[in-house]
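Summary of structural features
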Amino acid sequence: MILLLDIILVIASIIMLWKGADYLVEAASEIAHSLKISDLVIGLTVVAFGTSAPEFAVTIRAAITGQTDISIGNVVGSNIFNLGFILGGTAMIRAIHITPKLLYRDGFFLLSVTILIYILFFGFNGWDISDNIAAVEGSLLFLALIGYIVFLFIKKEPIEETHPKSANIQSYAFFFLGLFLIVLGGHLMVEHASSLARAFGLSDWVI
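Conventions used here
- Residues numbered from 1 in each chain as written.
- Predicted model: local features only at pLDDT ≥ 70, side-chain atom pairs only at ≥ 80, totals over all residues.
- Heavy atoms only, no water.
- Helix = DSSP H or I, 4+ residues; strand = E, 2+ residues; numbered from the N terminus.
- Expected span 1.5 Å × (residues − 1).
- Buried < 20%, exposed > 50% of the residue type's maximum accessible area, 1.4 Å probe, protein only.
- Arc of directions from axis to C-beta.
- Contact = heavy atoms within 4.5 Å.
- Patch = residues over 30% accessible without salt bridge, like charges linked within 9 Å, V, L, I, M, F, W, Y side chains within 5 Å.
- Areas by Shrake-Rupley, 256 points an atom, 1.4 Å probe, with all protein chains shown as cover.
- Salt bridge = Lys/Arg side-chain N within 4 Å of Asp/Glu carboxyl O.
- Axes fitted to C-alpha atoms, helices over the stretch in contact; angles between N-to-C directions.
- Parallel < 35°, antiparallel > 145°, perpendicular 65-115°, else oblique.
- Left-handed = near helix turned anticlockwise from the far one by under 90°.
- Nonpolar A, V, L, I, M, F, W, Y, C, P; charged D, E, K, R; others polar.

1. As for helix H5 (residues 135-154)
- The terminal C-alpha atoms of H5, which comprises 20 residues, lie 28 Å apart, in line with the 28 Å expected from a rise of 1.5 Å per residue.
- Listed as buried for H5 are Glu-137, Tyr-148, Ile-149 and Leu-152. In an axial view of H5, the angular spread of the buried residues amounts to 115°, which keeps them on one side of the axis. Relative to its buried face, H5 has exposed residues pointing more than 90 degrees away, namely Ala-135, Val-136, Leu-143 and Ile-154.

Printed below as a string of structure tokens:
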């Protein structure tokens, strides 16, 4: 009976995360367009944050409850999935046009952060660190993100001529609804996916 309940709630949490991210991205894009923000910046910030919100909810919930393997594994696993399955699978179906700016500027930042994560995990050139990602390392990563966002807004892209519908009160309502579904879905996912996986003898890292 408990196993069946776990399965039902895992499915429910997946639907919540899916629809919550969908509502959040759509509403945030409308709000951003109303503020005259370009599509490239929206994609790199609003849409990226919105689609990563489920991972954020799952990761922070797992960290709070002491399930650190789920926290780290979720971040690393989702990035591998994004680059390997989503980007690779999409390119297999249809070629993706990449601008030099996206490749050299934003791709360089992606590579730099990936190298930084590796250094924080394993050390570099004899410099060893503690076996955890603590406040100092977290602050460094967070400041790197803030710096990148500030850079994007300083180097504003030209605004496109046409935009989707402007934001209204419904946009803000769906934004907060999406956020609520993501937080609730992340909580349910960590609790019941962990319970379900352990019932089959899987470790937190694999989960």
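Picking up after the structure, the text goes on.
2. A look at the environment of Ala-53
- Tracing the chain through its elements places Ala-53 in helix H2 (residues 39-64).
- For Ala-53, a relative accessible area of 11% translates into the label buried.
- Remark: the alpha-carbon pair of Ala-53 and Gly-186, spanning 133 residues in sequence, is separated by 9.1 Å.
- Excluding residues within four positions of it along the chain, Ala-53 makes contact with Leu-24 and Ile-182.

3. Focus on a nonpolar patch on the surface
- A cluster of nonpolar side chains, contributed by Leu-3, Ile-7, Ile-11, Ile-15, Trp-18, Phe-200, Leu-202 and Val-206, occupies part of the molecular surface with about 820 Å² of accessible area.
- Within the fold, Phe-200 resides in the segment after helix H6 (169-199).

4. Section: the packing of helix H1 (residues 2-34) against H6
- Orientation of H1 relative to H6, taken along the N-to-C sense of each, is 150°, at an axis distance of 6 Å. One element, H1, and the other, H6, form an angle in the roughly antiparallel class. Read as a crossing pair, H1 and H6 show a hand that is left-handed.
- A per-class count over the contact of H1 with H6 returns 26 nonpolar, eight polar and two charged.

Interpretation in functional terms is not warranted from these geometric data alone.
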